[in-house]
Amino acid sequence: MRPTLSGLILLTACALPAARADEPVPSVHVAGIADPEMRSYRNVAAGLDAFDANRALAPNATLRFRMRHADGGPANADDGLRLRLASDDGAFQENVPIDAGGLLTVQRSQAAYDADATFILNRKNGLYTGHPEVRTAGLPDNVRRLGDLRLECRVTIAIVKEQMPFMAKAAINTLMMTSDWCAKKDFNYGVMAAQPGARAVLRAGERSRTLETHGWNVLAPIGDPAWPDDALVEMNDGGT
């Protein structure tokens, strides 16, 4: 079933190789969020709450949302995307600017929350995806701070949980053996790279670790407490 912004994010728990070949790594693969024109503002507000509640992971970071093509490629000014926030009865309407790089900011709005407004994109369902992106200023585009990714995961999962039926949440809680999915030890988070097949290395001081890549996603070990929040994921073109 295709995930929708008013339904479920594509979330799969799977076993992937760990640092030691005899230990499977529980992983969450956040492959994208489809049909952004159908996402409820109230669902996104849960993500904003999670961002505020977990700011200690990334004190100097900002939260935005990035639009991509459904196949994973980044959206840009050439795509001509237009987004608005509107209630079903039309009483509430507000444009949401998307910049040339496909990024947008969702502001707090009690009026949008009260109106149960949804985000409406000027494209057919399924052509574009959108997902939270947490970044600390001053880092190159191809470098992600691990604490930022830990916070980004919590924003994403907060939105997911707001959308999911209770039984689905309970089933994943049972599978993960915790309700804090992002904090599970050896838990991997799928980070969207600039291109598929990117080479990625996690670095902290003199330590380094090569990360797995699956398509557009680099698997970052956000649940491993041995890696500090200031560790950096460096992603480069797969051909370099």
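Since this is a predicted model, take the numbers as computed values, not measurements.

**Looking at the packing of aromatic side chains**
Aromatic ring pairs are defined here through the distance separating the ring centres and the angle between the ring planes.
Thinking step 1. Overall, the coordinates contain one aromatic pair when judged by the stated rule.
Thinking step 2. Measuring from ring centre to ring centre gives 6.4 Å for Tyr41 and Phe119, while their planes differ by 40 degrees; the resulting arrangement is tilted. A residue pair is termed long-range when its members are at least 10 positions apart, and Tyr41 in helix α1 (residues 41-53) and Phe119 in strand β7 (residues 118-121) qualify at 78 residues. A single burial state applies to Tyr41 and to Phe119, both of which are buried.
Thinking step 3. In this structure, Arg42 is placed above the aromatic ring of Tyr113, and the distance from its NZ or CZ to the ring centre is 5.1 Å.
Thinking step 4. Between Arg207 and the ring centre of Trp227, over which it is positioned, the NZ or CZ distance is 3.8 Å.

**Considerations on the nonpolar core**
Thinking step 1. Of all hydrophobic cores here, the largest spans 28 residues; its most connected members are Tyr41, Leu85, Val106 and Phe119.
Thinking step 2. For this core, the elements supplying multiple residues, two or more each, are α1, β3 (61-69), β4 (83-86), β7, β8 (128-136) and α3 (146-163).
Thinking step 3. A total of five residues in this core trace back to one element, the largest contributor, which is α1.
Thinking step 4. In this structure, Cys182, Phe187, Ala200 and Ala220 belong to the second largest nonpolar core, which totals 26 residues.

**Let's talk about the sheet that holds β8**
Thinking step 1. Here three strands make up an open sheet; going across it, the order is β6-β3-β8 and the pairing antiparallel. Bordering the open sheet on either side are β6 (103-104) and β8, each of which pairs with just one other strand.
Thinking step 2. Of the pairings in the sheet, the one linking β3 to β8 comprises nine bridges and is antiparallel in character. The partner of Thr62 across the bridge, within β8, is Arg135.

**Re the environment of Ser109**
Thinking step 1. Structurally, the position occupied by Ser109 is in the loop between β6 and α2 (110-114).
Thinking step 2. Linking Ser109 and Tyr41, residues 68 residues apart in sequence, is a C-alpha distance of 8.9 Å.
Thinking step 3. Sequence-distant contacts of Ser109, defined by excluding residues within four places in its chain, comprise Tyr41 and Phe92.

**Overview of the sheet that holds strand β9 (residues 143-145)**
Thinking step 1. Spatially, four strands are ordered β9-β15-β11-β12 in an open sheet, and the strand pairing comes out antiparallel. Two strands bound the open sheet, and with one partner strand each, they are β9 and β12 (207-211). When the angles between neighbouring strand axes are averaged without regard to direction, this sheet yields 20 degrees.
Thinking step 2. Pairing analysis gives three bridges linking β9 to strand β15 (residues 232-236), with the strands arranged antiparallel. If you follow Arg145 over to β15, its bridge partner there is Leu232.

**Description of the packing of α1 against α3**
Thinking step 1. Two elements in contact, α1 and α3, have axes separated by 8 Å at closest approach and are oriented at 145 degrees. Crossing angle aside, the handedness with which α1 passes α3 is right-handed. Side by side, α1 and α3 meet where Arg42, Asn43, Val44, Ala46, Gly47, Ala50 and Phe51 of the first sit next to Leu151, Arg154, Val155, Ala158, Ile159, Glu162 and Gln163 of the second.

**A look at the layout of surface pockets**
Thinking step 1. A volume near 370 Å³ is recorded for the largest pocket.
Thinking step 2. Lining of the largest pocket is provided by 26 residues; of these, Arg66, Glu133, Arg135, Asp141 and Asn142 occupy positions nearest its centre.
Thinking step 3. Broken down by secondary-structure element, the contributors of at least two residues to the lining of the largest pocket are β3, β8, β9 and β15.
Thinking step 4. Among the residues forming the lining of the largest pocket, the class breakdown is eleven nonpolar, five polar and ten charged.

Calculation notes
Residues numbered from 1 in each chain as written. Predicted model: local features only at pLDDT ≥ 70, side-chain atom pairs only at ≥ 80, totals over all residues. Heavy atoms only, no water. Phe/Tyr/Trp six-rings, centres within 6.5 Å; stacked < 30°, edge-to-face > 60°. Helix = DSSP H or I, 4+ residues; strand = E, 2+ residues; numbered from the N terminus. Buried < 20%, exposed > 50% of the residue type's maximum accessible area, 1.4 Å probe, protein only. Lys NZ or Arg CZ within 6 Å of the ring centre and 35° of its normal. Core = buried A, V, L, I, M, F, W, Y, C linked by side-chain atoms within 4.5 Å. Pairing = 2+ DSSP bridges. Contact = heavy atoms within 4.5 Å. Axes fitted to C-alpha atoms, helices over the stretch in contact; angles between N-to-C directions. Left-handed = near helix turned anticlockwise from the far one by under 90°. 1 Å grid on protein atoms, 1.4 Å probe; cavity = no way out; pocket = protein on both sides within 12 Å on 5 of 7 lines; lining within 4 Å. Points joined across faces, edges and corners; volume = space filled by probe spheres on them. Nonpolar A, V, L, I, M, F, W, Y, C, P; charged D, E, K, R; others polar.

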